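Results of the structural survey
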Amino acid sequence: EYARLGIGRSKGTIPIQIAGNVRHGGLYEAAFGMKLGQIVEDIGGGTASGRPVKAVQVGGPLGAYIPPGDFDVPFGYEELAGRDGLLGHAGITVFDDSADMLKLARFAMEFCAVESCGKCTPCRIGSTRGVEVIDRITRQGGSEHAANVALLESLCDTMQHGSLCAMGGMTPYPVRSALQHYPQDFGIEPVQTMNPA
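Nothing here was measured: the structure is a model prediction, and the numbers come from that model. (Residues numbered from 1 in each chain as written. Predicted model: local features only at pLDDT ≥ 70, side-chain atom pairs only at ≥ 80, totals over all residues. Heavy atoms only, no water.)

1. Regarding the overall build of the protein
Quick reminder of the rule: By definition, any uninterrupted DSSP run of H or I lasting at least four residues is a helix, any uninterrupted run of E lasting at least two residues is a strand, and each is numbered from the N terminus. Here the globule rule is a power law, 2.2 Å times the number of residues to the power 0.38, and the radius of gyration is based on C-alpha atoms. Burial here depends on accessible area, computed with a 1.4 Å probe over protein chains only, as a share of the maximum for the residue type. Under 20% is buried, over 50% is exposed, and the range in between is partly exposed. Contacts are assigned to residue pairs with any non-hydrogen atoms lying within 4.5 Å of each other. Reported accessibility uses the Shrake-Rupley method at a 1.4 Å probe radius. Residues are deemed covered only where the shown protein chains occlude them. In this count, Lys and Arg are taken as positive residues and Asp and Glu as negative ones, while His and the chain termini are left out. Charge positions come from single atoms, namely NZ of Lys, CZ of Arg, CG of Asp or CD of Glu.
Helix and strand counts for the protein stand at seven helices and seven strands. The helix and strand sequence of the protein, counted from the amino end, reads β-β-β-β-α-β-β-α-β-α-α-α-α-α. The C-alpha atoms of the protein give a radius of gyration of 17 Å, which matches the 16 Å a tight globule of 197 residues would have. Dimensions of the protein, computed from the C-alpha atoms along their principal axes, are close to 55 × 50 × 35 Å. A burial count over the protein gives 45% of its 197 residues as buried. Taking as baseline every contact in the protein between residues at least 6 positions apart, the subset at least 24 positions apart corresponds to 61%. If you sum the accessible surface of the protein, you get close to 10,000 Å²; carbon and sulfur atoms cover 54% of it. Of the charged side chains in the protein, 16 are positive and 21 negative, and the gap between their average positions amounts to 4 Å.

Right under this line is the structure:
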């Protein structure tokens, strides 16, 4: 009976924690396969502020930020990985439209810099440089802005593929997802796609 719940290889139920700017935060048990939007809106009740949801972070402080446009993703290991996210410990943190994704990306790098054991260079130095680069992005514009964004992407790549453990390897998830889904918070013009007519 338990195995009849869930989706794909994510069978049964999972305890989830909903926190942040959410009306009904707490601990719940939900079946794998529920849409992320159902969890946020139906179980969590939307934002506590009453403002629109801007992002949810799934999987803990190093989980990816998922925008409302991707709330159709089923809550499962493979399904979230297919959207460049991770289920992690199934924590969900909700942010409304007043959240600054640049500051949240900086928090991820700072969290890694503080928590790093220091054994490997990509994590130890990469996260410290990541904080510095994000601070430069915050302060500077002009021609150096694009170079700093490219440097941040490069640091994320080095950390993800060169770190010895998940701490450094996962820090790029929130940073890259913030860059990808909320470029305007980084002072980047969103890429316009042309509708074929």
